[in-house]
Amino acid sequence: MITPLGRRTRVLAATTATAGLVLLSACTSTDDGGSGSKTAAGGVELVKAGQLTTCTHLPYPPFQSEIDGKVQGFDVSLIDLAAKDLGVKQDVLDTPFENFKTGAFLNSGECDLAAAGMTITEERKKNVDFSDPYFEATQAVLVDKDSGLGSLADVKSKGAKLGAQAQTTGEDYVTKQGFDPVSFESSDAVLNGLRSGQVKAVVIDYPVVQGWLKDKANADAFKVVDNLNTGEQYGFTVKKGNTKLLAAVNKAIADAKADGTYKKLYEQWIGPYDESAASPSAS
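All figures in this text were calculated on a predicted structure; none of them were measured in a lab. (Residues numbered from 1 in each chain as written. Predicted model: local features only at pLDDT ≥ 70, side-chain atom pairs only at ≥ 80, totals over all residues. Heavy atoms only, no water.)

Quick word on the pattern of salt bridges
Side chains that carry opposite charge are capable of pairing whenever their charged atoms lie near each other. For clarity, the threshold we go by: In what follows, salt bridge is the name for a side-chain nitrogen of Lys or Arg lying within 4 Å of a carboxyl oxygen of Asp or Glu. Per the convention used, a helix needs a DSSP run of H or I reaching at least four residues, while a strand needs a run of E reaching at least two, with both numbered from the N terminus. Relative accessibility under 20% of the residue-type maximum defines a buried residue, over 50% an exposed one, and the middle range a partly exposed one, all with a 1.4 Å probe and only protein chains included.
Applying the stated criterion across every chain yields a total of 7 salt bridges. The partner of Asp129 in a salt bridge is Lys240, and the shortest N-O contact between them spans 3.0 Å. Taken together, the residues Asp129 in strand E7 (residues 128-130) and Lys240 in the loop between strand E13 (237-239) and helix H9 (243-259) connect sequence positions 111 residues apart. For Asp129, a relative accessible area of 19% puts it in the buried group.

Here we look at the state of the cysteines
Covalent bonding between the sulfur atoms of two cysteines defines a disulfide. Selection rule: Sulfur atoms of two cysteines make up a disulfide when they are within 2.5 Å.
Counting across every chain of the model gives 1 disulfide. The disulfide partner of Cys55 is Cys111, and the gap between their sulfur atoms is 1.9 Å. Handedness here is read from the sign of the S-S torsion; for Cys55 and Cys111, about 60 degrees, the answer is right-handed. Of this pair, Cys55 sits in strand E2 (residues 51-56) while Cys111 sits in the loop between helix H2 (104-107) and strand E6 (113-114), and the two are 56 residues apart along the sequence.

Some remarks on the nonpolar core
Note the cut-off: We define a nonpolar core as any set of buried Ala, Val, Leu, Ile, Met, Phe, Trp, Tyr and Cys residues linked to one another through side-chain atoms lying within 4.5 Å. Any two residues having at least one pair of non-hydrogen atoms within 4.5 Å are treated as being in contact.
One finds Leu52, Phe74 and Phe135 to be the most contacted residues of the largest nonpolar core, which totals 48 residues. Ranked by the residues each element gives to this core, the list is headed by H9, at 7 residues. Those residues in contact with Leu52 that lie beyond four places of it in its chain are Leu46, Ile79, Ala83, Leu86, Val88, Lys89, Gln90, Asp91, Asp112, Leu113 and Leu245.

Things to note about the sheet that holds strand E9 (residues 162-165)
The line we're drawing: A pair of strands is considered paired only if DSSP assigns at least 2 bridges between the two. Fitted lines through C-alpha atoms serve as axes, helices being fitted only where they are in contact, and the angles separating the N-to-C directions of these axes extend from 0 to 180 degrees.
Ordered by their spatial adjacency, 5 strands build an open sheet running E10-E9-E11-E8-E12, and the pairing between neighbours is mixed. The open sheet is flanked by strand E10 (182-184) and strand E12 (222-234), the only strands paired with a single partner. On average, each strand axis in the sheet is inclined to that of its neighbour by 25 degrees, with strand direction left out of account. Note: strand E8 (residues 135-144) against E12, 9 bridges, orientation antiparallel. Bridge pairing in E12 links Ala140 to Asn227. The strands touched by helix H6 (residues 187-195) are E8, E9, E10, strand E11 (201-205) and E12; relative to E11, the strand with the most contacts, the crossing angle is about 155 degrees.

Remarks on unusual backbone geometry
In this structure, Pro59 follows Leu58 across a cis peptide bond, with omega equal to -10 degrees. The residue Pro59 is located in the loop between E2 and strand E3 (65-67) in this model. Residue Pro62 is reached from Pro61 by a cis peptide bond, and omega for that bond is 10 degrees. One can find Pro62 in the loop between E2 and E3. Non-glycine residue Asp68 carries a positive phi angle of around 55 degrees. Along the chain, Asp68 falls in the loop between E3 and strand E4 (70-72). The exposure class of Asp68 is exposed, given its relative accessible area of 78%. Positive phi values are uncommon outside glycine, yet Gln167 reaches one of about 70 degrees. Residue placement: Gln167 occurs in the loop between E9 and helix H5 (169-176).

Considerations on the environment of Val208
By secondary structure assignment, the location of Val208 is in helix H7 (residues 206-212). Among the residues examined, Val208 registers a relative accessible area of 3% and is labelled buried. When neighbours within four sequence positions are excluded, Val208 is seen to be in contact with Tyr60, Pro61, Pro62, Ser187 and Leu191.

Describing H9
Rules: The span expected for a helix works out to 1.5 Å for each residue beyond the first.
Along its 17 residues, H9 runs 24 Å from first to last C-alpha, staying within 8% of the 24 Å computed at 1.5 Å per residue. Taken residue by residue, H9 has Leu245, Leu246, Ala248, Val249, Asn250, Ala252, Ile253 and Ala256 as its buried positions. On the buried face of H9, the contacting elements are E2, helix H1 (74-86), E6, E7, E13 and helix H10 (261-269). With its phi angle positive at about 90 degrees, Gly260 sits one or two positions after the end of H9.

Pasting the structure below:
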């Protein structure tokens, strides 16, 4: 997901994320009392003693969303594996998405790492260090079944209003294709914009659509008419130079793929196992 180019009006279809951090999972005090050790297994230094603090941006199912009062999803489950190896518990903070490309909350010591279904890009690598890629993603073009639209080309030729999530590679991609998309604050807002008729089509990460279409009502009314292979790979991020934590995250990913845990989590959160998505080449 890259900062989009060009000037255009933003339509925020969901409540704007607050500037402050919202603590979503149960936690204790925000400090360690000045005496607790912030060093986990393997010499990994943590921002808070006894926990691996993860920044994310909600909702983004199936990677992370609040379910029954707890943040859960594919990303959350993978980072839980790293936390277990470090001998700590994961704690999740909901933060504005625009901070992910700058690494702001990593640099300020609010979080140890970021996990947000985030695409690895050269621009972002200037500000953060990425883990090995853990997911190969494509962009889906989703429309109402009664729209008469059969492809992204149709959307353009018929002048249909197109929606995308702000600050994402999906938005950037269609902008470069000559569209002026309506921007929404979150993936849920994108889908609600389509459902409510604010837009006639949306471009959004395909795994999000997979999960959304599991609902029969959604599947009866909407369909994917295009799948855009934009060469995107997801990675987790840490503060630049945090090599020990990065190594721990990479080990957790590799171990999960080797022992079958990755496949199990993929099927639980995303759908039928796709080996090509599970084993992307190194970025």
